[in-house]
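# Summary of the model geometry
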Amino acid sequence: MTEAIEGINPAVPPSGTGCLECETEQGWWVHLRRCAECGHIGCCDTSPAQHASKHAKDTGHPFIQSFEPGEDWFWDFRSEEMYGGGPELAPPHSHPADQGVPGPRERVPADWQAHIH
């Protein structure tokens with residue numbers, strides 16, 4: 001795909017391999033999402049803190065892409081629609097496969113299912 005899409009910047013690398021805020025707060029996540037505009041890595045809405053959605057709301061950045069291995073779908077917060085693909089974003093395209101889900105392993109509580117949305 002060569003067409004430019006407002007709200008998606010394919011050149012911006014991800015902010016890291018884990019949720020930016022959860023790493024700062026020593027929290028944990030279920031799945032990771034990548035802001036397609038600025039590269040912010042946040043946790044999904046199933047995660048306790050839901051940082052990816054909060055980032056989109058706070059910044060107005062409309063698109064996220066899954067940051068899970070083997071997934072390349074996008075979500076548009078404005079239309080609340082999922083897209084099966086889109087422009088290829090700068091690598092890496094997911095967290096390391098050995099990172100674990102949920103993660104990071106050492107911070108996930110034994111009763112993690114009781115804390116998800």
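Residues numbered from 1 in each chain as written. Predicted model: local features only at pLDDT ≥ 70, side-chain atom pairs only at ≥ 80, totals over all residues. Heavy atoms only, no water.

An unreviewed UniProt entry annotates the protein chain as UBP-type zinc finger domain-containing protein originating from Nocardia xishanensis.

### A look at the overall build of the protein chain
Note the threshold: What counts as a helix is a DSSP run of H or I of at least four residues, what counts as a strand is a run of E of at least two, and both are numbered from the N terminus. Any residue under 20% of the maximum accessible area for its type is buried, any over 50% is exposed, and the rest in between are partly exposed; the area is computed with a 1.4 Å probe on protein chains only. Methods summary: accessible areas were calculated by the Shrake-Rupley approach with a probe of 1.4 Å, and residue burial reflects only the protein chains presented. For the purpose of charge, His is not counted, nor are the chain termini; Lys and Arg are scored as positive and Asp and Glu as negative. By convention, the point assigned to a charge is CZ for Arg, NZ for Lys, CD for Glu and CG for Asp.
Secondary structure summary: the protein chain contains two helices and five strands in total. For the protein chain, the α and β elements follow one another from N to C terminus as α-β-β-α-β-β-β. Overall size of the protein chain, expressed as C-alpha extent along the three principal axes, is 45 × 25 × 25 Å. The proportion of buried residues among the 117 residues of the protein chain is 43%. Counting every atom, the protein chain has about 6,400 Å² of accessible surface; 52% of that belongs to carbon and sulfur. Distance between charge centres in the protein chain, computed from 7 positive and 18 negative side chains, equals 4 Å.

### Observations regarding the sheet that holds strand β2 (residues 41-43)
Defined as follows: Here, strands pair whenever DSSP counts at least two bridges between them. Every angle, taken between N-to-C directions, lies between 0 and 180 degrees, and every axis is a line fitted to C-alpha atoms, over only the stretch in contact when it is a helix. In this description, contact between two residues means that some pair of their heavy atoms is separated by no more than 4.5 Å.
Reading across from one edge, β2-β1-β3-β4-β5 is the order of the five strands in this open sheet, with antiparallel pairing throughout. The sheet is open, and its two borders are formed by β2 and β5 (81-83), each paired with just one other strand. If you compare each strand with its neighbour and ignore which way they point, the axes differ by 35° on average. Pairing between strand β1 (residues 32-35) and strand β3 (residues 63-66): three bridges, direction antiparallel. Each residue of the ladder has a partner; that of Arg34, found in β3, is Gln65. The strands touched by helix α2 (residues 51-59) within the sheet are β1 and β2, with β2 carrying the most contacts at an inclination of about 120°.

### Structural notes on the side chain of Ser66
Put simply, the test is: Identification of polar contacts relies on pairs of N or O atoms within 3.5 Å, with a donor-acceptor requirement for protein atoms, meaning one able to donate a hydrogen and the other able to accept it, and with residues adjacent in sequence counted only if both atoms are side-chain atoms.
Position of Ser66 among the secondary structure elements: in strand β3. A relative accessible area of 0% places Ser66 in the buried class. At a separation of 3.5 Å, a polar atom in the side chain of Ser66 contacts the side chain of Arg33. Those residues within four positions of Ser66 in sequence are excluded, and the remaining contacts are Leu32, Arg33, Glu71, Trp73 and His93.

### Some details on unusual backbone geometry
Each neighbour pair has its own omega, and for Pro91 with Pro92 the value is 0°, a cis peptide bond. Mapped onto the elements of the fold, Pro92 is located in the segment after β5. The step from Gly103 to Pro104 runs through a cis peptide bond, and the omega angle for that step is -15°. By secondary structure assignment, the location of Pro104 is in the segment after β5. Notably, Gln50 is not glycine yet its phi reads approximately 50°, a positive angle.

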